Every structure is written in C-alpha cells, then in structure tokens.
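Each chain is listed here by its residues.
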Amino acid sequence: MKKQLRQSTLENLGLGTVIDIFKNGKLPVSLDEMVDKVFGKKGKRGAMVISGANGIVGAGKVMQFASRLLAYEIPIIALDLPGSPDGLSKQFKGLAKSFGIDESNKIMSSIIRMNYDGKSLPKQLKAYNPAFLLEAIPEHLELKKSHYNLFKKEYPNIHIWSVTSGFPSKELGVGIAHPAFPHEINKIFEIVEEKPSTQTQLLWTMGLIPMQVSDDWSFVLDVFFCGLLQASLQFCDQNNMPYWKADKYIRKIIGPNPFRAHDVIGAKGSNFLTWSCLHHLAKEYGHLFEPDKQLADRKESGQNWYPANHFRPLVNRSLNKDAEKQLNTIVYGALFQMTSIMLKEKRADLTTMNAIGELCAQFTKGMLAVIRKKGKKEVLETIKDYHKIYPNAAKTKWFPEVFDDLKNDDWQQLYVNAEIDGENGIITISRESYNSDVNDELNRAIDWLIKNKIKKVILTGDFHFSTQMVGADTTEFYPAITDTKEGERIALTWSKTARRLHDDFKISVGYIHGKRCMGGMLELMMHCHYLIANENLTIAMPEITLPVVPGMEGCHWVIRKTKDKDREKMFKLLLGGKQIKANEGLGWLVDFTGNTEKCLQKAWEILNKGEKALSMRKIDTKALKSVTFKEISKSIQINPEAAEVIARCIHESCSTDLEKAIHVQAKISADFMVSKWCRKGKIGVEFDKVEQN
C-alpha cells in the first residue's frame, strides 16, 4: 500500500509520485513526447511566438526556449514593435559563454525576428502556424487583453501564457507562466492553470521548473519580493537609513539585497513593476501593501536606489540594538503577515511556497522554514509589534489561525519527503544545498520509514526542484568560523544522520541525477550501501577551493570501501578539487552508472534483489593500515595549507576505527574553520561581508 509523508510536488504537475518513477523504470513523460503534443509531429510543427521579445523578460525567454528546442526545428518567432531597443543581441555574449560560439550561432539562426504595429499581426506569421504564445509585453491590462484578441482571432487554437508580473489569470483571460529573474538563466515559472497542461509538462521535460500556484494577485514570488522592498523602505523611513546600508543589514537577517536587486534588474522597469504589484495588492487587501512614497516617486523617475558613485566609503552608520530589533520587527512582521494571507488562500502547497522564497526571492531560508523555527507565539508577537510601528497594517485583514498547524507533516517536511510501497521506501530531497533544516527533516523521514517497518530505501533528489546537489549551505558554517564547538557540533550532527542511511537499513541506494553532486551532498549520498549516478553528471569534492575540511566523513568513508589501488583517485578528488564525470568514478566511488532509465531500473532492481543485482562494497570498520600518499602534484594543490590539513584528516581518520573516525574528522574540520586560512577564503570573506558591519 502506498503512503507518503506529504504529497510530492510532481503530483501537482500530473506526473505521479517519485516511487512510480523507480517502479516504472523511466520518467513519466519525455521531451520528444511533449514536443509532439504541443507543437505537432516532425515536419508539421507549429511555431513558438514570444511577444515583447526585445524586453528584458522576452529576450531572456527567447534564449531559454530557443536553446532547448533547437534540435526539434521549432521556429522561435521573436515579435516586437519596430524601434524597440534590441534586447536580443545583448543576450548573445551570455549565450556564447554557456554554449560556445558555434552552438550559439545555431541557436540565434533558429530565431526569426518580426515587427508589428501592435494593432495587427504580420502576414508572414501565418506561414509558421503559431502553436504557443508567450506574452511579455508592457504591464497594461487593456493592452494585454487587446494583444490576446489579435492572436485568438487569427489562431483560435493557440495556447497563450502571460509572463505578467501581477495580473491574475481571471483578469487577463489567459494562463500565467510567471518567470523568475534573471530571465535568461532562472528556470522557475509560477504556473496558473485549471489543471496541469501539456505545456507545463513540456517545461518540466526541458529541465525547467514549473511550480503550480493559485490565481491571486501577484502570485507568490512578487508578494515576497515586492513585500520585502516595501518593508525595507519602511525601516529606512523610520531611521533615515541609506539604502545601501539597509541592504547590508537585511542581507544579514534574511539573505537578499532588495535595493541592489532592483538596480541590477533595471530600476526603471523593476520600480514600476514593484509599485504596480503593491498598488493592486493594496486595492485588493488593504494598507499593508500600500506602496511607500519613495517607491511611488521612483517608479516615475526610474532613479536607481544606489547612487552612481555610491557613498559607502564615505558614510558609515551602525545600528544599535534597538534599531536592529526594529529592523527584524518590520521586515519579519510585514512578511509574516503577508505570508498568512497566502497560506489562507492556499496560493501553493507549503513546499512550493517555501521554495519560491529561496530559489526566486533569494531568501537564505524560505519564509515557511523561518516561521516553523520561530514558532507560532514568536511569529504572532512579531506581527503585533509591527502593528505598533505601522498601525495601518493592522487594518489589513490577516489570519493568525494558519500558524496553528506547524506540527503537521506538511509543515515539518518542507525539504525532505518519504514514500513507501510495500517493503520499499523512497526519500527525496528538494533542496539543492544541505542545511540544518534538511538534516532534521531527513531524520524525521528515516524515523517514519522505520516506524513503517521499511528496511530498503532509495535516497535521491525530488525530480522537480533539485536539479542538482551543490553541497552544504555554507551560511550554516558562519557560527563555526568563530566557535570550534559549533564546527564540531555541525560535523558530528550531520555525519550521524548520514550514517543512519548505512546503519538503519538492510539496503540503501543513493541515486544521483541532474547536473552535479558535490561536497556535503556527495558525502551524504556516499553513506548509502550503493551509489548510482547518471553517467555524465559532474561529481566533485570542492572543499579545498573554499577552503574547508570535509566534515561529513568525506575524508575516510569512501576510502574504507575502496581497494588500495583506487584510493589515490579519491585523494586527488579531495586534495585537488578536481571535477570528474560519474562514469570516471565507477568502481571506487560510484557502483553503477548509465543513462537515466538504466539507473532507475538498476536502483529498483537492487532494492528488490540486493546483491543478486549488484555486489555490495563493504565498509572496513577497522583502522586502515595501508593508507599511503603518493606525491600529489603541486600543480593541483589549489590551497597548499588546506591540502596539508585535509591530507592529515585523511590519514588520521583512516588510521583509527570507524567509531572514533567520526570524532577525529569533526575535530580537524572544526579546528580549520577558525583558522586564518579559512577566514581568507570564500566562506570567510562572505562571512565578513554579511556579519561584520
């Protein structure tokens, strides 16, 4: 009988569960299949039209779709007004960087530019039989409606999506595919439609990330993004704080720089869009969203928030404790109240809403994860204190009762899910970087599986949000930069969780798909009895480049499972920061590689047949007597000082038994974290930027 901790986000797309993917030995739909359904069979395929193609959104989407659909010979029509600034040509440099000149030339040659007057469509468009319109024209409601009518009159069966930044589908009369910035590389779309469409499933097969949201003003992303700027302006108004300085403190507590983000996107356009979203939200909900006067002024002027020669070297203002407390109250109070409205309206499932905050608004932790950690009492007190500062916000209706359910599985499993079918279990991780929340949720998922008497499990990504596994969330290390106890605690806690994959199950299979798996995520996956990976994905242990010492047993776990002759390969991975393809790690790091279908089928076969399907490499729990280093070339030592400590960690953690090795590695990792070498590296520099005022 099938059971889940919570519903898989794949089910929102009509793609079934993750356990179904393994049972069937293939993905639920293919790109070939979806291209045929959306555009027609080869030789008779209709075109994709992107209107407003010279704008920042339209140009980015032209590149995204043209690069992914090139092999299918689908005409990409870039439509815009004559005389509009040439946004497409500006994209070529980035395209060439990603694909190379030759491939980029091919992509550009598949793009057909057309002009129109805004009142009638070009006659030559008919020859391309438009099947799919992505609209990215200016944010004027009547203009958009008129634009759709032009296409519907000429092409009654065309599928239309708007990339509007706030208008709901019920106002526009078409579906929504609201993309996140930067538009040429960000893969996320907020999708509004009655039921999952073939177009949505097409995005998924293209490696993009569609997220189903409800049909409410500004959806989810722009409530977070615009709401944060609104709260930041309120704080600046209260304290006469320069915007660049406020950005620094806001980044410290929540992650993004809202003022800098608007300038980077383009202040003229982004100021207007943020004002427009807040303006319509205020009309719909009340004073909480009423645009700040500074924003109203700048949406007219298009003025940047940071001055051209910005004054940071000349101006230095610090916040006292009362001001810091006020900043937390205003920013979190506003966002908590806004989130309560979205939760009441069920704008998205909890995992999706939380992920949008992280992946799109760039919050260090999703707003729901923050709310869960603070708890209902603190959240409500923060909103109450915010209302004392901004009494008008109290006039906007909000819903404290939505925080009553923080103990429910949907709230408790924002990043990690578990599914079972008879004797077999699946654990999926939907976050690309490992942090304390993922660690806690992984433990709860394992507990749930054990409670349900599951002894065989597959650990993998969620086939939706996690298109890669990039390692540990380095912001988690900030406390450890000044406190070795924190470093040891993190290393020990995370390593003990990873060991459960080995100790608590009869068979555990780690399956890595997507683009890459590195660092802490790779260390986690290593702990499974078997490690399977798509043959061409990238594997790396990049800790030496940061530099830090691997803290989740990367310095000894795989070495204990590897023959003497192959250990040198792992040493080079650890000491050289080298990236390899998964098939290069076969036999010493990875147990099986192949294409997606072969890997899915092998993982399920191992789960059901054990060593009859594939021999298991056992871990040597005793002290290893034969671990020796050959001379590692100086040319691959990116950080000689870090390399020396990592080499010592390898030697000492391998020279003791498994029970003691966990403590040896945690201690060495923690000691290096407080060293000057770590402080001078990427994590230390980032820590100083964020934490030091």
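Worth saying up front: this structure is predicted, and the values here are computed from it rather than measured.

A.B. asks: Before we move on, could you go through the overall build of the protein chain and cite the residues and values that matter?
C.D. replies: Along the protein chain, the regular secondary structure elements total 28 helices and 20 strands. For 693 residues, the compact-globule estimate of 2.2 N^0.38 gives 26 Å, and the C-alpha radius of gyration of the protein chain, at 26 Å, lies within 12% of that figure. Projected onto its principal axes, the C-alpha positions of the protein chain cover 80 × 65 × 55 Å. In the protein chain, buried positions account for 61% of the 693 residues. Surface summary for the protein chain: the accessible area is close to 28,700 Å², and the carbon and sulfur share equals 49%. For the protein chain, the distance from the average position of its 96 positive side-chain charges to the average position of its 83 negative side-chain charges is 2 Å.

A.B. asks: Can you explain the domain arrangement of the protein chain? Please cite residues and give values.
C.D. replies: For the protein chain, the domain assignment lists domain 1 (40-212), domain 2 (220-309 + 316-409) and domain 3 (415-691). In this structure, domain 2 and domain 3 have C-alpha centres spaced 36 Å apart. Tallying the contact residues gives 13 residues for domain 2 and 17 residues for domain 3. A buried area of about 1,200 Å², summed over both sides, lies between domain 2 and domain 3, and 41% of it is on carbon and sulfur atoms. Summed over the three residues of domain 2 that lose the most area to domain 3, namely Arg251, Lys252 and Arg372, the buried surface amounts to 37% of that side. Where domain 2 meets domain 3, there are six salt bridges.

A.B. asks: If you had to explain the pairing of strand β3 (residues 76-80) to someone new, which residues and values would you point to?
C.D. replies: With five of its five residues buried, β3 lies for the most part within the structure. Here β3 shows no split at all, with Ile76, Ala78 and Asp80 on one side and Ile77 and Leu79 on the other all buried. Pairing of strand β2 (residues 47-51) with β3 involves four bridges; the strand directions are parallel. The residue bridging Ile50 from the neighbouring strand is Ala78, located in β3. In this view, the connection linking β2 to its parallel neighbour β3 by way of helix α4 (residues 56-69) has right-handed handedness. Alignment of β3 against strand β4 (residues 111-115), held across five bridges, turns out to be parallel. Its bridge partner lying in β4, Ile77 is registered against Ile112.

A.B. asks: Please give an account of the pairing of strand β7 (residues 175-179) that cites residues and values.
C.D. replies: Across the five residues of β7, five count as buried, placing the element largely inside the fold. In β7, alternate side chains face the same way, and those of Gly175, Ala177 and Pro179 on one face and Ile176 and His178 on the other are all buried. Examined bridge by bridge, β7 and strand β8 (residues 188-192) share four bridges and lie antiparallel to one another. Pairing of Pro179 across the sheet is with Phe189, part of β8.

A.B. asks: Give me the lowdown on the side chain of Asn424, citing residues and values where you can.
C.D. replies: Positionally, Asn424 belongs in strand β11 (residues 424-429). Side chain to side chain, Asn424 and Asn608 meet in a polar contact 3.3 Å long. Not counting chain neighbours up to four residues away, the residues in contact with Asn424 comprise Ile19, Glu419, Ile454, Lys456, Trp604, Leu607 and Asn608.

A.B. asks: Describe the side chain of Asp473, and please don't skip the residues or the numbers.
C.D. replies: In this fold, Asp473 is placed in the loop between β14 (471-472) and α20 (484-503). Within polar-contact distance, the side chain of Asp473 engages the side chain of Thr475 at 2.7 Å. The contacts of Asp473, once residues within four sequence positions are left out, are Thr364, Arg431, Ser433, Tyr434 and Asn435.

A.B. asks: Would you mind going over the nonpolar core in detail, with residue names and values included?
C.D. replies: In this structure, Phe151, Phe289, Met367 and Leu524 are the most contacted members of the largest nonpolar core, which totals 177 residues. In terms of residues, this core owes the most to one element, helix α15 (residues 321-345), which gives twelve residues. Judged by nonpolar contacts, the second largest core, of 64 residues, contains Leu95, Ala177, Cys599 and Leu607.

A.B. asks: Account for the environment of Thr562, naming residues and giving values.
C.D. replies: Mapping Thr562 onto the fold places it in the loop between α22 (557-560) and α23 (564-576). With relative accessibility at 5%, the residue Thr562 sits in the buried group.

A.B. asks: Describe the sheet that holds strand β15 (residues 507-512), naming the residues involved and giving the relevant values.
C.D. replies: Strand order across the open sheet formed by seven strands is β1-β10-β11-β13-β15-β17-β20, with mixed pairing between neighbours. Looking along the sheet, the strands with just one partner apiece sit at the ends: β1 (2-4) and β20 (592-594). Averaged over all neighbouring strand pairs, the angle between strand axes comes to 15°, with direction disregarded. Sheet analysis places β11 next to strand β13 (residues 456-461), joined by six bridges and oriented parallel. Paired with Ile427 across the two strands is Leu459, which belongs to β13. Together, β11, β13, β15 and β17 (530-534) form the strand contacts of helix α21 (residues 519-526), whose direction differs from that of β15 by roughly 150°.

A.B. asks: For the pattern of salt bridges, give the residues involved together with the corresponding values.
C.D. replies: A complete count under the given rule lists 37 salt bridges for this structure. The shortest N-O distance in the salt bridge between Glu135 and Lys144 comes to 2.6 Å. The residues Glu135 and Lys144 share a single accessibility class, namely buried. Across the salt bridge formed by Lys344 and Glu401, the nearest N and O atoms sit 3.6 Å from each other. Within this pair, whereas Lys344 is found in helix α15, its partner Glu401 is found in the loop between α17 (367-389) and α18 (409-412), the two being separated by 57 residues in sequence. With relative accessibility at 45%, the residue Lys344 sits in the partly exposed group.

A.B. asks: Any chance you could break down helix α6 (residues 101-109) for me, citing the residues and the numbers?
C.D. replies: Among all positions of α6, only Ser104, Ile107 and Met108 are buried. Considered in projection along α6, the buried side chains sweep an arc of 95° and stay on one side of the axis. In α6, those exposed residues whose orientation departs by more than 90 degrees from the buried face are Asp102 and Ser109. Against α4, α5 (92-99) and β4 lie the buried residues of α6.

A.B. asks: Please set out the packing of helix α19 (residues 436-451) against α20 residue by residue, giving values where relevant.
C.D. replies: Direction vectors running N to C along α19 and α20 enclose 30°, while the axes themselves pass 10 Å from each other. Accordingly, the angle class assigned to the pair α19 and α20 is roughly parallel. The crossing of α19 and α20 is left-handed. Judged by residue contacts, Ser436, Asn439, Leu442, Asn443, Ile446, Asp447 and Ile450 of α19 engage Thr493, Trp494, Thr497, Arg500 and Leu501 from α20. Grouping the constituent residues of the contact of α19 with α20 by class yields five nonpolar, five polar and two charged.

A.B. asks: Got a sec to walk through the sheet that holds β3? Specific residues and values, please.
C.D. replies: Spatial strand order, β4-β3-β2-β5-β6-β7-β8-β9: eight strands in an open sheet with mixed pairing. Lying at the two open borders of the sheet, with one neighbouring strand each, are β4 and β9 (209-212). On average, each strand axis in the sheet is tilted by 25° relative to the strand beside it, whichever way the strands run. This element, helix α3 (residues 31-39), spans β2 and β5 (130-135) of the sheet and lies at about 95° to β5.

Scoring rules and cut-offs
- Residues numbered from 1 in each chain as written.
- Predicted model: local features only at pLDDT ≥ 70, side-chain atom pairs only at ≥ 80, totals over all residues.
- Heavy atoms only, no water.
- Helix = DSSP H or I, 4+ residues; strand = E, 2+ residues; numbered from the N terminus.
- Rg over C-alpha atoms; globule rule 2.2 N^0.38 Å.
- Buried < 20%, exposed > 50% of the residue type's maximum accessible area, 1.4 Å probe, protein only.
- Areas by Shrake-Rupley, 256 points an atom, 1.4 Å probe, with all protein chains shown as cover.
- Lys, Arg positive; Asp, Glu negative; His and termini not counted.
- Charge placed at Lys NZ, Arg CZ, Asp CG, Glu CD.
- Domains from an automatic or database assignment.
- Contact = heavy atoms within 4.5 Å.
- Buried area = accessible area lost by both parts, 1.4 Å probe.
- Salt bridge = Lys/Arg side-chain N within 4 Å of Asp/Glu carboxyl O.
- Pairing = 2+ DSSP bridges.
- Right-handed = clockwise from strand over helix to strand, strands pointing away.
- Polar contact = N/O pair within 3.5 Å; in protein donor to acceptor, adjacent residues only side chain to side chain.
- Core = buried A, V, L, I, M, F, W, Y, C linked by side-chain atoms within 4.5 Å.
- Axes fitted to C-alpha atoms, helices over the stretch in contact; angles between N-to-C directions.
- Arc of directions from axis to C-beta.
- Parallel < 35°, antiparallel > 145°, perpendicular 65-115°, else oblique.
- Left-handed = near helix turned anticlockwise from the far one by under 90°.
- Nonpolar A, V, L, I, M, F, W, Y, C, P; charged D, E, K, R; others polar.

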